[in-house]
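# Residue-level structural notes
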Amino acid sequence: ARVFYSSGNGPSKGEQVPQAAPVAVFKLTQDFTKDQFPTKVNLGVGAYRTDEGQTWVLPVVKRAEKIIVSDDRLNHEYLPILGLPEFRSSVSRIALGDDSPAIQENRVGAVQCLGGTGALRIGAEFLRCFYNGNNNTKTPIYVSAPTWENHGAVFTSAGFQDIRPYKYWDAQTRGLDFVGFLSDLESCPERSIFVLHACAHNPTGTDPTQDQWKQIAQVMMRRKLFVFFDFAYQGFASGNLENDAWALRYFVSRGFELFCAQSFSKNFGLYNERVGNLTIVSRDTDNLKRVLSQMEMIVRTTWSNPPSQGARVVALTLTSPELFSEWKDNVKTMADRILLMRSQLKAKLQALGTPGTWDHITEQIGMFSFTGLNPKQVEYLVKEKHIYLMSSGRINMCGLTTKNIDYVAESIHEAVTVVQ
Amino acid sequence: MNNVGQLTSVKWDEEGKTFELHLTGKIKQQLSADPTLRPEYLSSLGLTKFTQRATEVALGKRSQAILENRVLGVHTPGFTAAMRLGAELLRHWYDVNAAWCGPVYLSSPCDDSLAGIFQAAGIQDIREYYYWDDKQRDICLDKLLEDLETAPEQSVVVLAASAHCPTGADLSQNQWAVITQLILRRRLFPFLMLPAQALCYGDLERDAWPVQLCASNGIELLCAQSFSHCFGLYGEAVGHLLCVLKHNSLLLSVQSQADKIVKSLWSQPSVGGARVVATVLSNPAHLVEWQGEVKHIVERCMLIREVLRERLRLLGTPGCWDHLTQQRGLYCCMGLNGQQVEFLSKWRHVYLLPSGCLNVSAINGRNLSYVAESIHLALTTSL
């Protein structure tokens, strides 16, 4: 499978500023938009869609926004550089759990960031400056093969020179290449940095089991590898906040110092408000203080003060029992719809007798599924059936609805039988 | 004492609180009830309606550069983000293969985060040009020109289009005319700043006059804008980076570079505040109402300056304080040295910026006497 990280910009003579290659998923959306076919389907959407194919403003978000906009006492000053205090504490808590020993020991800190991307970038900048020596740009960064297509670019832009893949997706078995993963963990240079997907792996939807996570943690501890979690789907994967946080919390309980980049784009539907957080688990309070002071310097030269609107919505929701309860329901609604689409797609493919096994559709979790379709089959779907998906075979389950699922299932069946 | 003198950032009202413009509050309510606003990712370059308006208020609607389609506007999460994006773009502006590392010229003094922003973008060679003269309590143009005369070609010069931070001293139109000629002759690249657009003259376009002068002279430039101050949207990070290019043929490549840089920094900007600004700037009735509120803020600042100057005169405070009322905008340089600034914070709990400058709007009816007295003491006590 292709590894989704962008390599450096190629030089071009005769032009002052080179044109960078377009990011694939956005081009896909462009092509879809231009397509006139009446029953076209976009399985490359980036945001959650309802069964009517519409975006969804979470009811709890509407309520929270109303409360905020009518609150006269609100202070309209710039947020502190590290962000809204009640946001930072409540989102770290939701990730690590109220009873987290690390929180109780005062060694958890947070930096409010511009979305998950911002959190990854701030974390990456810090690591480049202070991890494994000062300004060590040669520390290898390991990202899963495949991974979210922006991971490599973020770390490269932060100055790291050596981005490498770790084995992850096994195209033959359509599952996790656990043996390969472990062997990369054993053979990489000590102190390498690993970007791990806390749940709902993007793009494969394939997560390690709890037992596998335990083994991964063991090796990483022994080999002194740095853990950087990407946590963009809490609640959105299984419908349960605690379940989705299991891996992160397990690592913390094993005593790891780690970074966790959180995003609230999907689970709050706050895509364009850029609500993210970098949770920092440090070895002790003193260390944490020093880390946060450096984080502040980094943020100061990036965006200085983060935007408050989305952070207020999240903070209010997480700290008000009624709103919190409503939010959990809203998240479960989204997760349940995705689970339903998964089970229906698999059932239909099996009913059609589509060659191959389709268990992975329901074994995978979260927004994305790696169907296992090859590039030629994907091309067939796009060109002949006007069904848009990534050439990797990745589909976004949110693009499926009860109205289009038959068409999609039949088209996949066609693609698999006609194209090899 | 209610934190009497955080005389540094953010404007306060008579109660010493930051306030939201009345219109801004209204628009926010409207937008929150608008069912057509969908929760979706924006493009990396941000809200189009906003970038169009932001570009127009910087260059003027009839700008040649806009007509010739050689302007790129990028919506950024705040002013610092706009500066950072500009700095990142400059690294490969002239040469795709070699990372340009300076020199960048910053005014002396300047906002203390500027150098760090360029350095974070990998540009290490940061230099100063003479700007504020303490004795004259004014800009010294001769020395400024001397410094820029020796700048290597393709140097980037960071200039405040208005509301210079931290001194509050802005170049006059005549001075701008001279500087633009130097820029042309020495082939320098201006990076203009509008951190508090509209708060000098109560008029967005008027504050942007220097940008228009440069553009009309065919000068390629970057301009970072913020709408936080003049819309009372402090927490909303409403910034914009304007790129005026020499040729329309360069537009696509600069755009794709900006897209690539943004994707690795923050992916896309936050939409909330930009929607408010775009709504106001696109609606003539809103525009008039907003203009009224901003004029009121500006007038209040001018009044404070006058009153403060008069109070210092009555106290017999040594020095000349004419510059207080000759300058406009939020900031003012009090001409205090480091020791005097420390005296103020330690003994009087009045906090100025390290350069001895203060934010005029943080002064109000309740703290004016105390502030004036404190400044008087700082200048007359032997330290």
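Residues numbered from 1 in each chain as written. Chains lettered and ligands numbered in written order. Predicted model: local features only at pLDDT ≥ 70, side-chain atom pairs only at ≥ 80, totals over all residues. Heavy atoms only, no water.

### Some details on the overall build of chain A
In terms of helices and strands, chain A carries 16 helices and 13 strands. Overall, the C-alpha framework of chain A stretches about 65 × 55 × 55 Å when taken along its three principal axes. Counting all 420 residues of chain A, 59% fall into the buried class. Put simply, of all contacts in chain A between residues at least 6 apart along the chain, 76% involve residues at least 24 apart. Working note: accessible area of chain A is about 16,700 Å², and carbon and sulfur atoms make up 50% of it. (Helix = DSSP H or I, 4+ residues; strand = E, 2+ residues; numbered from the N terminus. Buried < 20%, exposed > 50% of the residue type's maximum accessible area, 1.4 Å probe, protein only. Contact = heavy atoms within 4.5 Å. Areas by Shrake-Rupley, 256 points an atom, 1.4 Å probe, with all protein chains shown as cover.)

### Side note on the UniProt feature "domain: Aminotransferase class I/classII large" (unreviewed entry) in chain B
Mapped onto the present numbering, the UniProt feature "domain: Aminotransferase class I/classII large" (unreviewed entry) falls on residues 37-375 of chain B. Structurally, residues 37-375 of chain B comprises 45% helix and 16% strand, and the distance from its first C-alpha atom to its last is 50 Å. (UniProt positions renumbered as here; feature names shortened; annotations may be inferred.)

### A closer look at the domain arrangement of chain A
All names here are of chain A. Splitting chain A by domain gives domain 1 (22-57 + 336-418) and domain 2 (78-319). Taking only C-alpha atoms into account, the centre of domain 1 sits 29 Å from that of domain 2. Listed per partner, the contact involves 22 residues of domain 1 and 17 residues of domain 2. When the buried surface of domain 1 facing domain 2 is broken down by residue, Ile365, Phe368 and Phe370 rank first, second and third, together holding 37% of it. Joining domain 1 to domain 2, the criterion identifies five residue pairs in polar contact (both at pLDDT 80 or more). Looking at the side of domain 1 that touches domain 2, the elements that each hand over two or more residues are helix H1 (24-34), helix H13 (321-352) and strand S11 (368-370). Here the side of domain 1 that touches domain 2 gets three residues from one element, more than from any other, and that element is S11. Within the side of domain 1 that touches domain 2, the residues separate by chemical class into 13 nonpolar, eight polar and one charged. (Domains from an automatic or database assignment. Buried area = accessible area lost by both parts, 1.4 Å probe. Polar contact = N/O pair within 3.5 Å; in protein donor to acceptor, adjacent residues only side chain to side chain. Nonpolar A, V, L, I, M, F, W, Y, C, P; charged D, E, K, R; others polar.)

### Things to note about the environment of Glu105(A)
Summarising the element assignment, Glu105(A) is placed in the loop between helix H4 (101-104) and strand S2 (108-114). Once the C-alpha coordinates of Glu105(A) and Lys403(A) are considered, the two residues, 298 residues apart in sequence, prove to be 51 Å apart.

### Regarding the interface of chain B and chain A
Facing 53 residues of chain B, the contacting portion of chain A comprises 49 residues. For the chain B and chain A pair, buried surface summed over both sides reaches about 4,500 Å², with 53% attributable to carbon and sulfur atoms. Ranking the residues of chain B by area buried against chain A places Pro39(B), Tyr41(B) and Ser264(B) at the top, with a combined share of 14%. Our count for the chain B to chain A interface comes out at four salt bridges. The tally of links from chain B across to chain A stands at 17 residue pairs in polar contact (both at pLDDT 80 or more). Looking at the side of chain B that touches chain A, the elements with two or more residues in it are helix H1 (22-32), helix H4 (79-90), helix H5 (114-120), helix H10 (228-231), helix H11 (251-263) and helix H12 (272-281) of chain B. Among the elements that make up the side of chain B that touches chain A, the one with the highest residue count is H11(B) (seven residues). The residue inventory of the side of chain B that touches chain A, partitioned by class, reads 21 nonpolar, 19 polar and 13 charged. (Salt bridge = Lys/Arg side-chain N within 4 Å of Asp/Glu carboxyl O.)

### Quick word on the sheet that holds strand S2 (residues 71-77) of chain B
In sheet architecture, strand pairing relies on hydrogen bonds along the backbone and comes in two forms, parallel and antiparallel. All names here are of chain B. The sheet built from seven strands is open, its strands ordered S2-S10-S9-S8-S7-S3-S4 with mixed pairing. Two strands lie at the open edges of the sheet, namely S2 and strand S4 (126-130), each paired on one side alone. Within the sheet, the average angular offset between the axes of one strand and its neighbour, ignoring direction, is 25 degrees. Relative to strand S9 (residues 221-226), strand S8 (residues 189-194) runs parallel, the two being bridged by four bridges. Looking across to S9, one finds that leucine 192 is bridged to cysteine 223. Taken strand by strand, H4 contacts S2, strand S7 (156-160), S8, S9 and strand S10 (238-244), and its axis lies near 170 degrees from that of S8. (Pairing = 2+ DSSP bridges. Axes fitted to C-alpha atoms, helices over the stretch in contact; angles between N-to-C directions.)

### Notes on the sheet that holds strand S9 (residues 258-263) of chain A
Residues and elements named next belong to chain A. Here we have seven strands laid out as an open sheet, ordered S2-S10-S9-S8-S7-S3-S4, and mixed in their pairing. Each edge of the open sheet carries a strand with a single partner, namely S2 and strand S4 (163-167). Ignoring which end each strand starts from, the neighbouring axes of this sheet average 25 degrees apart. Relative to S4, strand S3 (residues 141-145) is paired through five bridges, and the arrangement is parallel. Residue pairing across strands places isoleucine 141 opposite isoleucine 163, the latter belonging to S4. Contacts from helix H10 (residues 246-253) reach strand S7 (193-197), strand S8 (226-231), S9 and strand S10 (275-281) within the one sheet, and its direction differs from that of S8 by about 155 degrees.

### Side note on the confidence of the model for chain B
All names here are of chain B. Averaged over all residues, the pLDDT of chain B is 90; the fraction at 70 or higher stands at 95%. For chain B, the element scoring lowest by mean pLDDT is strand S1 (residues 5-6), at 52; S2 scores highest, at 98. Scored by ipTM, the complex comes to 0.90, with pTM at 0.92. (pLDDT = per-residue confidence, 0-100.)

### Notes on unusual backbone geometry
For the peptide bond that leads from Gly102(B) to Pro103(B), omega is 5 degrees, which places it in the cis range. A cis amide bond, omega 10 degrees, links Cys165(B) with the succeeding residue Pro166(B). Note on placement: Pro166(B) falls in the loop between S7 and helix H7 (173-186). The backbone phi angle of Asn106(A) is positive, close to 55 degrees, even though this residue is not glycine. Despite not being glycine, His349(B) has its phi angle at roughly 55 degrees, a positive value. You can see His349(B) is positioned in the loop between helix H15 (338-348) and strand S12 (350-351). A residue is classified by how much of its surface remains accessible, and His349(B), at 45% relative accessible area, is partly exposed.

### Re the packing of aromatic side chains
All told, the structure shown has 36 aromatic pairs over all chains when counted by the stated rule. Residues Phe268(A) and Trp327(A) carry aromatic rings whose centres are separated by 4.6 Å and whose planes lie at 20 degrees to one another, so their mutual orientation is stacked. On the criterion of sequence distance, the pair formed by Phe268(A) in the loop between S9 and S10 and Trp327(A) in helix H13 is long-range, its members being 59 residues apart. Residue classification places Phe268(A) among the buried residues on the basis of a relative accessible area of 1%. Under the relative-accessibility criterion, Trp327(A) is labelled buried at 1%. The ring of Trp358(A) has Arg174(A) sitting right over it, with the charged end atom 5.2 Å from the ring centre. One residue, Lys143(B), lies across the ring of Tyr130(B), its end atom 4.6 Å from the ring centre. (Phe/Tyr/Trp six-rings, centres within 6.5 Å; stacked < 30°, edge-to-face > 60°. Lys NZ or Arg CZ within 6 Å of the ring centre and 35° of its normal.)

### Focus: the side chain of Asp244(A)
All names here are of chain A. Structurally, the position occupied by aspartate 244 is in helix H9 (residues 241-244). The buried charged residue aspartate 244 lacks any salt bridge partner; its closest oppositely charged side chain belongs to arginine 249, at an N-O distance of 9.9 Å. Of note is the side chain of aspartate 244, whose polar atom sits 2.7 Å from the backbone nitrogen of glycine 235. There is a polar contact of 2.8 Å between the side chain of aspartate 244 and the side chain of serine 238. Excluding anything up to four places from it in sequence, aspartate 244 contacts Ala198, Cys199, Phe231, Tyr233, Gln234, Gly235, Phe236, Ala237, Ser238 and Gly239. (Lys, Arg positive; Asp, Glu negative; His and termini not counted.)

### What to know about the pairing of S7(B)
Residues and elements named next belong to chain B. Of all five residues in S7, five are buried, a share of seventy percent or more. Here strand S3 (residues 104-108) runs beside S7; their pairing, made up of two bridges, is parallel. In the strand pairing of S7, valine 104 is matched with valine 156. The pairing of S7 with S8 spans five bridges and is classified as parallel. Opposite valine 156, over in S8, you have phenylalanine 189 as the bridge partner. What joins S7 to S8 is H7, and the crossover it makes is right-handed. (Right-handed = clockwise from strand over helix to strand, strands pointing away.)

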